[in-house]
Amino acid sequence: MPRECDILIIGAGIAGLRAALTASKYGKVILLTKGKIGESATEKAQGGIAAAIDHIRDSTDFHFEDTIKAGAGLCNKEAVRILVDEGVDRVKELIEMGAQFDRAETEGGFALALEGAHKQRRILHAGDATGAEIEKTLGYNVIKEGLVEVHPLTMGVKLLVKDNRCFGAIATDETYYSKATILATGGVCQIYLYNTNPEVATGDGIAMAYEAGAEVADMEFVQFHPTTLVHSKEFEDIVALPQFLISEAVRGEGGILLNNKGERFVSELAPRDIVSRAIVEEMEKTKSEHVFLKLEMKPEKIKKRFPVIYKTCLERGLDITQEMIPVAPGAHYFMGGIKTDVNGKTSIENLFAAGECASAGVHGANRLASNSLLDGLVFGHRAAESAKECLSQKIQKIKEDFDAGTGKLGNKELMRSSLALKTIMWKNVGIVRSAESLNDALEKLEKQNVTDIELKNMLCVSKLITRAAFDRMESRGAHFRSDYPKTDDTNWNKHLTYSKMAA
Ligand code: FAD
Ligand code: SIN
């Protein structure tokens, strides 16, 4: 039986949950999530959420400046202004809802951390499990209000779009008709062999929107995090053992990077693209599979400040209070996605997007650390506020033939069969790219023959990323081309957008 609601939200990370809380004030909301609530990048977030809440040492202007600088010329200034200004209020609301961030005897009462490319300490955190604290708080409030119908283990597979207007979506169990639909499906980094993302991050929302005719933007900009844990088993059983992030906050607390000769080789808190490339260079020079991260903290402080990292490393045979951490970069965050305005509106009527699947230009060519939770919080809320404008319209049931039965939920088997694609993306469309590597990737991706829906989505976003990376003949932010190593403002200080209609 098809279902009906006023606002359909697909995705239950920070953007989807925040959107649901706002949307539930205006009408009936259904929230679909492919995994269980908590299976999201949000839940895994470690470092924290950036907000200029310290009015003495910090200001929203400083936060604005740092964000713009990191974005390497491509930030939408209006969107950044909204992010930093409204972000302070959204974070305060989150605290009022019950989120517990670490406290200190400072102005504002919070222990604020420092991360790369921030001029000030402005990262609120809950130990190194900030995302879990936020997801728990928002999830609890969504359920407590009882106003949102949550459908876990339900995967959105196709948008219902006719004459450039969205009427809902088909999911693995049912068709859902709605007056407005908000995509909050998160990122794409599972398309890379080495990544920090949860299994659900397969770019579904972006692929669904693109297939339905929406514009996507900034697809070439993938952020690689410099420090993911490299453990001895990794090369034997890549698929079985999830990769694990070692938060930038570790470097923020004085952690240093050393090559295998014990030498420092980069400024640890430089922007992520610089640190990641320096690590790759160092690994190549020293013929090593990793560099080392050395913590300069007392064992008790390590356990208190980084309990999840300490415990996870210990489970994997490494005592970080005694030993250095072997680390290498991994794909981490996607700056591109479904093109939206600052109200989450996409190029398709009644279709909205927020969070990592959306691209409002907040992050430009490179995201400032700890700005993406804030992005989901601010623009999830704004998308829902803007979706309410559709509620005076009637629900329309359009017919769409689609075999949703071919959709599978993320499982180990799927991850195994995606290995070929992930290897192409890692080797050819990774931290350092060139026309040769990208051309080769495009040819190989064209030959991939996949039937599973998640794999199709991964292939769709992989092709778009590779195409955009090929088209952008310069280096900027997180996009580095060895054949065009310089930034070229004369020709390339612009966004690249793609749509199926224009292809
Ligand atoms: P997500 O939180 O990923 O949620 C996406 C949701 O969509 C999930 O519920 C998923 O199940 C659902 N979904 C996906 N596809 C479908 C489908 N087809 N149908 C139905 N549901 C679907 N950012 C920071 O600002 N600070 C940090 O400290 C930080 N640390 C991080 C650490 C790690 C390990 C990772 C991976 C990321 C980190 N980030 C951090 C980035 C940040 O966590 C994410 O960008 C952000 O949480 C994305 O939120 P989101 O709501 O857009 O997506
Ligand atoms: C981290 O803790 O290093 C991740 C922070 C982020 O991605 O913003």
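Going by the structure above, here's the rest.
Just so you know, these numbers come straight off a predicted model, no measurement behind them. (Residues numbered from 1 in each chain as written. Chains lettered and ligands numbered in written order. Predicted model: local features only at pLDDT ≥ 70, side-chain atom pairs only at ≥ 80, totals over all residues. Heavy atoms only, no water.)

Engineer: Please explain the sheet that holds strand β12 (residues 291-294) as it appears in this structure.
Structural biologist: Through backbone hydrogen bonds, the strands of a sheet pair up, either in parallel or in antiparallel fashion. An order of β10-β13-β12-β11 is seen for the four strands of this open sheet, with the pairing classed as antiparallel. At either margin of the open sheet sits one strand with a lone partner, and together these are β10 (222-229) and β11 (256-258). Across the sheet, the axes of successive neighbouring strands diverge by a mean angle of 45°, strand direction being ignored. In the sheet, β12 pairs with strand β13 (residues 325-334) via three bridges, with the strands oriented antiparallel. Residue pairing across strands places Leu293 opposite Ile325, the latter belonging to β13. Most of the contacts of helix α8 (residues 272-285) go to β10, to which it runs at about 55°, and overall it touches β10, β11, β12 and β13. (Pairing = 2+ DSSP bridges. Helix = DSSP H or I, 4+ residues; strand = E, 2+ residues; numbered from the N terminus. Axes fitted to C-alpha atoms, helices over the stretch in contact; angles between N-to-C directions. Contact = heavy atoms within 4.5 Å.)

Engineer: Please clarify how the site of ligand 1 should be interpreted in this entry.
Structural biologist: Inspection of the region around ligand 1 gives 39 residues, with Thr42, Gly48, Asp204, Glu356 and Ser372 positioned closest. Within the complex, the protein chains bury 98% of what would otherwise be the 1000 Å² of accessible surface of ligand 1. Of all the secondary-structure elements, those providing two or more residues to the shell around ligand 1 are α1 (14-23), α2 (41-44), β13 and α11 (372-387). Considering every element that reaches the shell around ligand 1, the biggest residue donor is α2, with three residues. Of the residues contributing to the shell around ligand 1, the split by class is 13 nonpolar, 20 polar and six charged. (Near = heavy atom within 4 Å. Areas by Shrake-Rupley, 256 points an atom, 1.4 Å probe, with all protein chains shown as cover. Nonpolar A, V, L, I, M, F, W, Y, C, P; charged D, E, K, R; others polar.)

Engineer: Looking at this structure, how should I read the side chain of His381?
Structural biologist: Checked against the element boundaries, His381 lands in helix α11. You can call His381 buried: its relative accessible area is 11%. Leave out the neighbours within four places in its chain, and His381 touches Arg18, Ala19, Thr22, Arg90 and Gly376. (Buried < 20%, exposed > 50% of the residue type's maximum accessible area, 1.4 Å probe, protein only.)

Engineer: Looking at this model, I keep getting lost on the pattern of salt bridges. Mind explaining?
Structural biologist: It is possible for side chains of opposite charge to pair when their charged atoms get near one another. In total, this model carries 40 salt bridges according to the counting rule given. The partner of Glu149 in a salt bridge is Arg3, with the nearest N and O atoms 3.5 Å apart. Placement of the pair is Glu149 in strand β5 (residues 148-151) and Arg3 in strand β1 (residues 3-10), with a sequence separation of 146 residues. For Arg3, a relative accessible area of 36% puts it in the partly exposed group. With its nearest N and O atoms 2.6 Å apart, the salt bridge here joins Arg472 to Glu220. Highlighted residues: Arg472 in the loop between α15 (453-471) and α16 (489-492) and Glu220 in the loop between β9 (216-217) and β10, separated in sequence by 252 residues. Through salt bridges that share partners, Asp58, Glu65, Asp66, Lys119 and Arg122 make up one connected network. (Salt bridge = Lys/Arg side-chain N within 4 Å of Asp/Glu carboxyl O.)

Engineer: When you look at unusual backbone geometry in this model, what are you seeing that I'm missing?
Structural biologist: Glycine aside, a negative phi is what most residues show, and trans is what most peptide bonds show. One non-glycine residue, Asn350, lies in positive phi territory at about 65°. Checked against the element boundaries, Asn350 lands in the loop between β14 (337-339) and β15 (351-353). Take Asn350: its relative accessible area is 7%, and that puts it in the buried class. The phi torsion at Ser370 lies on the positive side, around 65°, for a residue other than glycine. Of note, Ser370 is situated in the loop between β16 (358-359) and α11. The exposure class of Ser370 is buried, given its relative accessible area of 6%.

From the geometry alone we can't say anything about function, so treat these as descriptive.
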